[in-house]
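Given next are the chains, with one letter for each unit.
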Amino acid sequence: MSDQPPSNPIPPLSAPNLLLPLPFVEAPSFPNPIPIPIPNTDPNPNPNPNPNPNPNPNPYPYPPFQLRIPFQGKRKRTGFRRKAAQPPTVQVTQSPQPSPPPPPPPPPQLPSLAPTNEANSIKDPFANPNLYINPDISEEIIVINKEATAEALIGITAGFPADTLTEEEIEAGVVSSIGGIEQVNYILIRNHIIARWRENVSNWVTKEMFTSVIPPLYEPLLNSAYNYLVSHGYVNFGVAPAIKERIPAEPNKPNVVIIGAGLAGLAAARQLMAFGFKVVVLEGRKRCGGRVYTKKMEGSNKFAMADLGGSVLTGTHGNPLAIIAKQLGSMLHKVRDKCPLYRPDGKPVDPDLDSKVENAFNKLLDKASRLRQCMGEVAMDVSLGAALETFRQVFGDAVTDEEMNLFNWHLANLEYANAGLLSKLSLAFWDQDDPYDMGGDHCFLPGGNGRLIQALAENVPIIYEKTVHTIRYGGDGVQIIAGGQVYEGDMALCTVPLGVLKNGTIKFAPELPQRKLDGIKRLGFGLLNKVAMLFPYVFWSTDLDTFGHLSDHPSRRGEFFLFYSYATVAGGPLLIALVAGEAAHNFETMPPTDAVTLVLQILRGIFEPQGIEVPDPLQSVCTRWGTDSFSLGSYSHVAVGASGDDYDILAESVGDGRLFFAGEATTRRYPATMHGAFISGLREAANMAHHANARALKIKVERSPSTNTQACAALLADLFREPDLEFGSFSVIFGQKTSDPKSTAILRVALGGSRKKSSNEGAKADQHHSNKLLFQQLQSHYNQQQQLHVYTLLSRQHALELREVRGGDEMRLNYLCEKLGVKLVGRRGLGPAADSVIASIKTERGNRRTKPSPLV
């Protein structure tokens with residue numbers, strides 16, 4: 001499991017005590033301004049411009065205000081966040097031209113049941129919440145309380161947009177029509193329910209708690225919102241006594257077999273048990289937790305709890321694992337961002353030099369980011385490592401050996417964050433999940449994350465040492481074969497790591513669809529290893545949680561490059577050294593005694609010149625996640641040739657709703673994280689319950705149209721046969737018949753391999769890019785293409801501005817990428833958010849053709 005380092009600068013503490021209560025109600029941290037609607041009495045408001053819209057338009061009949069929170073840095077950009085920063089300042093300002101971030105691509109949808117009459121309505125609160133809603137519901141915005149903005153913020157921490165529905169909600173049919181006052185009221189009710197539960201996550205929130213504040217007229221919306229939130233695991237989940245007592249004593253629904261007792265499997269098991277399913281979990285190990293493993297280390301009356309797998313809770317705002325920690329009454333330890341670096345000879349790195357190299361490293365990442373914006377789908381075939389190395393050689397000044405060692409440390413930190421070699425990471429999508437980072441501090445759980453696992457596994461029927469080697473699925477159910485035993489069920493959930501799927505250890509009958517096999521092959525699965533050491537006493541500074549060490553050898557840059565101090569949370573003097581990148585793979589065959597010897601050499605080189613004796617450890621443990629047959633790696637990343645779509649593909653069920661998949665490699669929003677695995681388990685529990693209810697009602701579950709990428713691609717190509725605007729290699733179709741300059745448009749750019757450059761252009765290119773490694777890759781790819789189309793969403797106004805740019809396509813591309821900050825992507829890169837825009841354009845054009853001419 002990912003051991004993700006903290007991403008956000010952490011405000012300095014006003015008190016020395018670092019055991020913090022979990023903050024669930026305060027304003028979260030977000031990488032871009034988030035539109036928060038605030039009522040306005042202006043009778044002629046302007047609609048909210050949204051160049052990259054969510055699937056449905058902003059229904060609020062007043063101009064948006066913006067809660068502006070400064071960008072706080074990317075988790076994957078910086079790996080471990082070292083530099084301290086000032087606390088974020090929160091200002092509420094009116095913005096006539098807000099630029100909200102692109103909508104998050106949602107995980108695989110739960111297809112809706114569309115009852116045609118009340119007899120088909122599903123009353124079970126854990127079932128699909130598509131209940132009948134009165135279309136004549138009041139046209140007034142409901143006033144629940146005066147905290148609508150604060151509750152919208154809490155809704156955002158749960159993954160909901162401030163003023164629109166998610167794709168999942170649309171699929172579930174939570175409102176009778178998209179947009180309008182009914183949707184506004186649903187969102188207000190939904191956010192209020194979430195906020196009410198967050199006030200005390202140890203309670204079970206009921207619908208009756210809201211009848212005093214929500215008028216009877218809105219009861220259908222209350223039912224819809226409440227049922228959706230409960231069934232999809234947004235409220236009333238976890239291990240609090242009030243929640244555990246809701247699990248039925250006797251299951252009344254079909255049998256489910258879950259393969260794997262990691263976070264995904266345990267989350268799904270508890271949720272399905274609450275829904276009334278009979279569950280059995282098959283686990284190959286002698287323990288539960290999977291890649292989350294807390295080991296008790298002991299020696300000479302000392303002990304410590306060491307997290308050998310996932311250890312850092314990456315953000316507390318809305319993080320379900322932080323919610324469970326709160327239910328357990330646990331305080332979290334905020335990981336401090338003070339992280340001194342030491343040279344290979346043990347001397348401290350000069351702070352000015354450290355700052356200089358870090359700034360240069362970040363500039364190279366910026367250049368790589370700008371490059372991919374204009375490359376479109378071509379960037380999928382180029383590695384981040386190739387881009388960084390090219391720019392380093394072309395733009396980098398002459399560097400000393402120490403500067404190069406510092407630069408390599410940052411590369412190792414980047415490989416740690418992604419559990420992958422930079423030469424394997426996709427330039428286009430290596431950080432595609434960054435917009436969805438959880439806000440708040442990054443924390444350790446005192447006593448280790450095994451406490452979470454233990455609480456989640458309580459009373460869950462787990463059978464240990466059952467190694468599954470065959471999964472059969474079909475219209476009548478599933479058969480799971482482990483050794484000589486066969487476990488039968490109505491459905492099965494496979495939560496094994498991506499490394500196991502890649503290895504083909506488990507045979508599927510019938511074979512998995514080629515689409516899923518290709519996704520498994522494309523995604524990367526990297527490696528991170530650790531050396532945990534229990535010492536007789538703490539000899540390092542207790543005012544920091546991390547320190548780093550540089551290497552003279554580029555191939556060993558990730559070898560013991562970062563040390564985590566767990567002395568304040570593990571119960572004893574515990575240090576853990578990390579091994580990332582190429583070094584992590586070499587570490588798999590290094591004898592443990594050699595590894596410990598090397599670590600001690602590093603530690604003594606750092607501390608003994610300071611007059612501090614470094615004792616021998618009382619106990620040491622070296623991990624081998626790469627050769628562990630139940631993981632075969634640590635966590636996933638987007639490799640060259642892959643994209644975030646592949647996470648969605650891995651999450652797709654097969655066998656007509658019989659075999660499902662969960663785990664960190666099945667969530668494009670939160671891959672490589674512990675909370676991502678947990679959330680995926682809740683997601684699939686809802687999905688499985690939905691399919692079971694459909695079968696009980698003998699209703700066929702239709703596949704979500706947003707997953708039919710080929711059909712959408714064909715429709716998009718058809719719409720661009722008659723573009724609304726066309727200039728040079730650019731063409732535009734508009735999403736609304738209105739002439740509103742802020743309405744949505746889809747831009748297509750045609751890139752051809754036969755386009756010739758002038759001699760001047762070629763000279764400039766050679767001058768600025770003397771190293772041909774990256775650009776030869778690009779040229780080769782372009783030459784293989786007769787024509788390549790790349791796309792983006794933008795506003796009508798920006799499309800019209802782009803048309804007026806003079807200087808040809810080169811200047812238009814520059815204006816698009818540099819001035820407007822737009823990223824061009826392939827059709828798949830537009831994601832499900834564009835599907836509703838495409839559908840609306842198709843519908844509107846169909847209406848134009850069928851509408852009779854007016855009589856004159």
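Nothing here was measured: the structure is a model prediction, and the numbers come from that model.

Student: I'd like a description of the overall build of the chain, backed by residues and values.
Tutor: Across its full length, the chain carries 25 helices and 30 strands. Buried residues in the chain amount to 59% of all 856 residues. Carbon and sulfur atoms form 51% of the exposed surface of the chain, whose accessible area is close to 34,200 Å².

Student: Let's hear about the sheet that holds strand 24 (residues 619-622): which residues, and what values?
Tutor: If you walk across this open sheet you meet the six strands as 11-21-22-23-20-24, and the pairing is mixed. Lying at the two open borders of the sheet, with one neighbouring strand each, are strand 11 (341-342) and strand 24. In this structure, strand 11 lies alongside strand 21 (residues 546-549), joined through two bridges in parallel fashion. Residue pairing in the sheet places Y342 in a bridge with H549 of strand 21. Its contacts with the sheet put helix 11 (residues 401-418) on strand 11, strand 21, strand 22 (559-565) and strand 23 (574-579), and the angle it makes with strand 22 is roughly 70 degrees. Relative to strand 22, helix 16 (residues 592-607) is tilted by about 70 degrees, and along the sheet it contacts strand 11, strand 20 (529-534), strand 21, strand 22, strand 23 and strand 24.

Student: How would you explain the packing of aromatic side chains if you had to name every residue and give the values?
Tutor: Aromatic rings in a pair are described by how distant their centres are and how their planes are angled relative to each other. Counted by the stated rule, this structure contains 21 aromatic pairs. With a centroid separation of 5.4 Å and 80 degrees between ring planes, the pair formed by F539 and F607 is classed as edge-to-face. Within this pair, whereas F539 is found in the loop between strand 20 and strand 21, its partner F607 is found in helix 16, the two being separated by 68 residues in sequence. In this structure, F539 and F607 share a single accessibility class: buried. Grouping aromatic residues by their ring pairs yields a cluster made of Y342, F535, F539, W540, F547, F563 and F607. Across the ring face of F661, the terminal group of K516 is positioned such that the distance to the ring centre comes to 4.2 Å.

Student: Give a detailed account of the pairing of strand 5 (residues 253-259), specifying residues and quantitative values.
Tutor: Burial analysis of strand 5 places five of its seven residues in the buried class, the great majority of the element. Examined bridge by bridge, strand 5 and strand 6 (residues 277-282) share six bridges and lie parallel to one another. Pairing of N255 across the sheet is with K278, part of strand 6. Following the backbone out of strand 5, through helix 7 (residues 263-275) and into the adjacent parallel strand 6, one traces a crossover that is right-handed. Pairing geometry for strand 5 and strand 17 (residues 491-494), over four bridges, is parallel. Residue I258 lies in a different strand from strand 17, and its bridge partner there is L493.

Student: Can you explain the side chain of T546? Please cite residues and give values.
Tutor: Structurally, T546 is set in strand 21. Taking relative accessible area as the criterion, T546 reaches 0% and is therefore assigned buried. Within the local environment of T546, its side chain forms a polar contact with the backbone oxygen of K338, the two atoms lying 3.4 Å apart.

Student: So what's going on with the confidence of the model for the chain? Residues and values would help.
Tutor: Low-confidence regions, as indicated by low pLDDT, have predicted coordinates that should not be scrutinised in detail. Per-residue pLDDT for the chain has a mean of 80; in total, 75% of the residues score no lower than 70. Residue range residues 4-78 is modelled with pLDDT below 50. Its contacts to residues more than four positions away, or to other chains, number 250 contacts. Between residues 753-786, whose pLDDT stays under 50, and residues either more than four places distant or in other chains, the model counts 36 contacts.

Student: I'd like to hear about the sheet that holds strand 5, residue by residue, with values.
Tutor: Spatially, the five strands line up as an open sheet ordered 13-6-5-17-26, and their pairing is parallel. At either margin of the open sheet sits one strand with a lone partner, and together these are strand 13 (462-463) and strand 26 (659-661). For strand 17 and strand 26, the ladder comprises three bridges, and the chain directions are parallel. Bridge pairing links A492 to L659 in strand 26. Across the sheet, helix 7 is in contact with strand 5, strand 6, strand 13 and strand 17; its angle to strand 6 comes to roughly 160 degrees.

Student: Go over unusual backbone geometry, please, and point to the residues and values.
Tutor: With an omega dihedral of 0 degrees, the bond running from A509 to P510 counts as a cis peptide bond. In this fold, P510 is placed in the loop between strand 18 (507-509) and helix 14 (514-522). Unlike most non-glycine residues, L632 shows phi in positive territory, near 55 degrees.

Student: So what's going on with the environment of I506? Residues and values would help.
Tutor: Its place among the elements puts I506 in the loop between helix 13 (498-503) and strand 18. Among residues more than four places away in sequence, those in contact with I506 are V468, H469, T470, I471, V496 and V500.

Student: Give me the lowdown on the pairing of strand 20, citing residues and values where you can.
Tutor: Of all the six residues making up strand 20, six are buried; the element is thus mostly covered by neighbouring parts of the structure. As paired strands, strand 20 and strand 23 are joined by six bridges and run antiparallel to one another. Bridge assignment links K530 to a residue of strand 23, and that residue is L578. Taken together, the four bridges between strand 20 and strand 24 define a ladder with antiparallel strand orientation. Of the residues in strand 24, the one forming a bridge with A532 is V621.

Student: Before we move on, could you go through helix 14 and cite the residues and values that matter?
Tutor: Buried residues of helix 14: K516, G519 and I520, and no others. One side of helix 14 holds all its buried residues, which, seen down the axis, span an arc of 100 degrees. Exposed residues pointing more than 90 degrees away from the buried face of helix 14 are listed as Q514 and K521.

Student: I'd like a rundown of the environment of A274, residues and numbers included.
Tutor: Tracing the chain through its elements places A274 in helix 7. Under the relative-accessibility criterion, A274 is labelled buried at 13%. Sequence-wise, A274 and S231 are 43 residues apart; in three dimensions their C-alpha atoms are separated by 9.9 Å.

Student: Let's hear about the packing of helix 2 (residues 148-157) against helix 4 (residues 181-199): which residues, and what values?
Tutor: At a closest axis distance of 8 Å, the pairing of helix 2 and helix 4 adopts a crossing angle of 80 degrees. What the angle tells us is that helix 2 and helix 4 run roughly perpendicular. Taken together, the residues of helix 4 that come into contact with helix 2 (itself represented by A148, E151, A152, I154, G155 and T157) are L188, N191, H192, I194, A195 and R198. Among the residues making up the contact of helix 2 with helix 4, the classes are represented as six nonpolar, four polar and two charged.

Student: So what's going on with helix 9 (residues 351-375)? Residues and values would help.
Tutor: A rise of 1.5 Å per residue sets the reference length of helix 9, with its 25 residues, at 36 Å; its end C-alpha atoms lie 36 Å apart and thus fit the reference within 8%. At the N-terminal end of helix 9, a side-chain oxygen is found 3.1 Å from the backbone nitrogen of D352, two or three residues along, and the residue is D350.

Student: Kindly report on the packing of helix 4 against helix 5 (residues 219-231), identifying the contributing residues and their values.
Tutor: Between helix 4 and helix 5, whose axes approach to 9 Å, the crossing angle comes to 50 degrees. In terms of orientation, helix 4 lies oblique with respect to helix 5. Two packed elements cross with a definite hand, and for helix 4 against helix 5 that hand is right-handed. Contact with helix 4, carried on its side by E182, N185, Y186, I189, R190, I193 and I194, involves L221, L222, S224, A225, Y226, Y228 and L229 of helix 5 and no other residues of that element. Taken together, the residues that form the contact of helix 4 with helix 5 break down as 10 nonpolar, two polar and two charged.

Student: Please give an account of the pattern of salt bridges that cites residues and values.
Tutor: Counted by the stated rule, this structure contains 25 salt bridges. A salt bridge links R522 to D646; its shortest N-O distance comes to 2.5 Å. Placement of the pair is R522 in helix 14 and D646 in helix 17 (residues 645-651), with a sequence separation of 124 residues. The exposure class assigned to D646 is buried, which follows from its relative accessible area of 0%. Connected through shared salt-bridge partners, R343, D345 and E402 make up one network.

Parameters at a glance
Residues numbered from 1 in each chain as written. Predicted model: local features only at pLDDT ≥ 70, side-chain atom pairs only at ≥ 80, totals over all residues. Heavy atoms only, no water. Helix = DSSP H or I, 4+ residues; strand = E, 2+ residues; numbered from the N terminus. Buried < 20%, exposed > 50% of the residue type's maximum accessible area, 1.4 Å probe, protein only. Areas by Shrake-Rupley, 256 points an atom, 1.4 Å probe, with all protein chains shown as cover. Pairing = 2+ DSSP bridges. Contact = heavy atoms within 4.5 Å. Axes fitted to C-alpha atoms, helices over the stretch in contact; angles between N-to-C directions. Phe/Tyr/Trp six-rings, centres within 6.5 Å; stacked < 30°, edge-to-face > 60°. Lys NZ or Arg CZ within 6 Å of the ring centre and 35° of its normal. Right-handed = clockwise from strand over helix to strand, strands pointing away. Polar contact = N/O pair within 3.5 Å; in protein donor to acceptor, adjacent residues only side chain to side chain. pLDDT = per-residue confidence, 0-100. Arc of directions from axis to C-beta. Parallel < 35°, antiparallel > 145°, perpendicular 65-115°, else oblique. Nonpolar A, V, L, I, M, F, W, Y, C, P; charged D, E, K, R; others polar. Expected span 1.5 Å × (residues − 1). Left-handed = near helix turned anticlockwise from the far one by under 90°. Salt bridge = Lys/Arg side-chain N within 4 Å of Asp/Glu carboxyl O.

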